Amino acid sequence: MIEPASFSDQLLAFYDEHARALPFRIRPHPYYTWISEIMLQQTRMETVLPYFERFIQAIPDVPALASVSEEQLLKLWEGLGYYSRARNLQQAARRMMSDHGGELPDTVEELLKLPGIGPYTAGAIASIAFHRVVPAVDGNVIRVFSRLMAYGGPVMSAPGKRYITEAVQSVMSKERPGDFNQAVMELGATICLPNGAPLCQACPVREHCLAFSEGNPLAYPVLPAKKERRIEQHTVFLILQGNRFAIERRPRRGLLAGLHQFPMRPGDLTRAEVSDLLADLGFTEARIEDGPGARHIFSHVEWQMSSYIIRVSTDRIAESGFEWEDQTALSDLTLPTAFAVFRREMEKLMGEA
Ligand code: SF4
């Protein structure tokens, strides 16, 4: 079994020597820890760093986050995906203003009551920002500890997660809990790798590792079989009228909730079907050409999108149900990355108009 004192010492020595100099480590502050942890959910560190800098420059603290417009907030988040994270940040900030004097609460229990904060994030904030001796168990930590203990049970089940969490708790440093948690994550990100063989020869804690001594680290963790991603076909309409283009909002619930998009309908529609649909909207004399295609992968679904470039000349645009914008809106609007190809195409078309 893992010997807590030497394990902790070796891990922290590794961390002191190799920890990446991240902006939220160099300037430690609970607000920065929180924002960075939320951004890092489902997003890679290299992607997050420029977003983090821009975000805290524009929205430097909890009161600013509570009062910023949703439009500006989503614009700062544009391209990071999972936009509900940004909305939850703002709801949590408003709760901090009303219930916690504009500060982050400093216990796991109180943090867990806030929107967008689950057990991992609560543990990370409480340990890193407030030095609470609590574990923060994410995918990296699960991988590292399942290998250290050669844990052959299903790690993503409730008992599996409990087992790993208790193991982390039993060996973690009482003096430097935040650094300890970050050290395990760092080990998982740089040495005990998720894809391909771990770099055991460079591992500072290999003398404690059962999987290493058994010679089969790749047997762990035992993960559930991956679900097949659902594929959805969609047709995107790039509709122009003079120097304006059509845009619509997605439903308030579900994927990319409430964000703008170019009008989009389910299915890989033929030109005749598009023509009928436009006629229903009152556009009887539309000129329709083929537009570019695109593919976008979300965690559980893949969109395969075709598009049509549609030029309309009627004055029935008010009844169409779309919003109409001019070229300047193309850079101001928050458009999900899924529509990047179509945004570029629209920029080109507007430039030619
Ligand atoms: S010895 Fe290898 S498998 Fe074990 S924790 Fe270190 S890197 Fe991971």
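Cut-offs used in this document
- Residues numbered from 1 in each chain as written.
- Predicted model: local features only at pLDDT ≥ 70, side-chain atom pairs only at ≥ 80, totals over all residues.
- Heavy atoms only, no water.
- Helix = DSSP H or I, 4+ residues; strand = E, 2+ residues; numbered from the N terminus.
- Buried < 20%, exposed > 50% of the residue type's maximum accessible area, 1.4 Å probe, protein only.
- Contact = heavy atoms within 4.5 Å.
- 1 Å grid on protein atoms, 1.4 Å probe; cavity = no way out; pocket = protein on both sides within 12 Å on 5 of 7 lines; lining within 4 Å.
- Points joined across faces, edges and corners; volume = space filled by probe spheres on them.
- Nonpolar A, V, L, I, M, F, W, Y, C, P; charged D, E, K, R; others polar.
- Domains from an automatic or database assignment.
- Salt bridge = Lys/Arg side-chain N within 4 Å of Asp/Glu carboxyl O.
- Polar contact = N/O pair within 3.5 Å; in protein donor to acceptor, adjacent residues only side chain to side chain.
- Near = heavy atom within 4 Å.
- Sits in = over half its atoms within 2 Å of the grid points.
- Core = buried A, V, L, I, M, F, W, Y, C linked by side-chain atoms within 4.5 Å.
- Phe/Tyr/Trp six-rings, centres within 6.5 Å; stacked < 30°, edge-to-face > 60°.
- Lys NZ or Arg CZ within 6 Å of the ring centre and 35° of its normal.

S.K.: Quick one: what's the story with the environment of Cys200, residue by residue and with numbers?
M.R.: Structurally, the position occupied by Cys200 is in the loop between helix H12 (177-190) and helix H13 (210-214). The exposure class assigned to Cys200 is buried, which follows from its relative accessible area of 17%. A sequence separation of 17 residues divides Cys200 from Pro217, and the C-alpha atoms of the two residues are 8.8 Å apart. Apart from residues no more than four positions distant in its own chain, Cys200 is found in contact with Arg206, Phe212 and Pro217.

S.K.: Quick rundown of the layout of surface pockets? Include the residues and the values.
M.R.: Where empty space is left becomes clear once a probe the size of a water molecule has been rolled over the atoms. Taken as a whole, the second largest pocket encloses approximately 550 Å³ of empty space. The wall of the second largest pocket is formed by 22 residues, among which Leu80, Gly81, Tyr82, Phe298 and Ser299 lie closest to the centre. Mapped by element, the contributors of at least two residues to the lining of the second largest pocket are helix H7 (84-99) and strand E6 (294-297). Here the element with the most residues in the lining of the second largest pocket is H7; it accounts for 3 residues. The residue makeup of the lining of the second largest pocket, split by class, is 11 nonpolar, 9 polar and 2 charged. Domain assignment of the residues forming the lining of the second largest pocket places at least three in each of domain 1 (4-219) and domain 2 (230-352).

S.K.: With reference to specific residues and values, describe the pattern of salt bridges.
M.R.: The full count for this structure, using the stated rule, is 17 salt bridges. Taking the shortest distance from any N to any O, the salt bridge between Lys113 and Glu110 comes out at 2.9 Å. Here Arg295 ties to Glu302 by a salt bridge, and the two come within 3.2 Å at their closest N and O atoms. Judged by relative accessible area, Arg295 falls into the exposed class, the value being 57%. One network of salt bridges, in which partners are shared, links Asp16, Arg176 and Asp179.

S.K.: Could you give an account of helix H10 (residues 139-148), naming the residues involved and the relevant values?
M.R.: Where burial is concerned, most of H10 is hidden: 9 out of the 10 residues are buried. Within H10, burial applies to Asn140, Val141, Ile142, Arg143, Val144, Phe145, Ser146, Arg147 and Leu148. Looking at the packing, one finds that the buried side of H10 touches helix H1 (4-18), helix H11 (158-171), H12 and H13. For H10, the N-terminal capping position is held by Asp138, with its side-chain oxygen 3.1 Å away from the main-chain nitrogen of Asn140.

S.K.: Could you give an account of the site of the ligand, naming the residues involved and the relevant values?
M.R.: The environment of the ligand is made up of Arg147, Ile191, Cys192, Pro198, Cys200, Cys203, Arg206, Cys209, Phe212 and Pro217. For the ligand, the cavity whose grid points lie within 2 Å of the majority of its atoms is the largest cavity. A class-by-class count of the residues in the shell around the ligand yields 8 nonpolar, no polar and 2 charged.

S.K.: Summarise the nonpolar core; cite the residues concerned and give the values.
M.R.: Ranked by size, the top nonpolar core spans 65 residues in total, and within it Tyr31, Trp34, Phe55, Leu65 and Phe262 carry the most contacts. Counting the residues that make up this core, at least three belong to each of domain 1 (4-219) and domain 2 (230-352). Excluding residues that lie within four positions of it along the chain, Tyr31 makes contacts with Phe55, Ile56, Ile59, Pro60, Asp61, Val62, Leu65 and Leu104. The next biggest cluster of nonpolar side chains, apart from the first, holds 36 residues, and it includes Tyr15, Leu148, Met172 and Phe180.

S.K.: Give a description of the environment of Leu65 that names residues and reports values.
M.R.: With respect to the helices and strands, the residue Leu65 is situated in helix H5 (residues 62-67). On the basis of relative accessible area, Leu65 is assigned to the buried category, the value being 0%. The sequence separation of Leu65 and Gln90 amounts to 25 residues, and the corresponding C-alpha distance is 5.9 Å. Not counting residues up to four positions away in its chain, the partners in contact with Leu65 are Tyr31, Trp34, Ile35, Phe55, Ile59, Leu73, Leu89, Gln90 and Ala93.

S.K.: Could you give me a rundown of the domain arrangement of the protein chain, with the residues and numbers involved?
M.R.: Here the protein chain is described as being made up of domain 1 (4-219) and domain 2 (230-352). One C-alpha centre belongs to domain 1, the other to domain 2, and the line joining them spans 38 Å. Tallying the contact residues gives 9 residues for domain 1 and 14 residues for domain 2. Where domain 1 touches domain 2, the interface holds 1 salt bridge. Notably, a salt bridge pairs Glu78 with Arg343, separated by 3.4 Å at the nearest N-O pair. On the surface where domain 1 and domain 2 come into contact, there are 6 residue pairs in polar contact (both at pLDDT 80 or more). Among the elements that make up the side of domain 1 that touches domain 2, the one with the highest residue count is helix H6 (residues 70-77) (4 residues). Residue composition of the side of domain 1 that touches domain 2, by class: 3 nonpolar, 1 polar and 5 charged.

S.K.: Any chance you could break down the packing of aromatic side chains for me, citing the residues and the numbers?
M.R.: What the rule picks out here adds up to 13 aromatic pairs. With a centroid separation of 6.0 Å and an interplanar angle of 85°, the aromatic rings of Tyr32 and Phe52 are classed as edge-to-face. Separated by 20 residues along the polypeptide, Tyr32 in helix H3 (residues 30-40) and Phe52 in helix H4 (residues 45-58) bring together distant segments of the chain. Under the relative-accessibility criterion, Tyr32 is labelled buried at 19%. The exposure class of Phe52 is buried, given its relative accessible area of 0%. Among the aromatic residues, ring-to-ring pairing joins Phe24, Tyr31, Tyr32, Trp34 and Phe52 into one connected group. Between the NZ or CZ atom of Arg54 and the centre of the ring of Tyr51, over which it lies, the distance is 4.9 Å.

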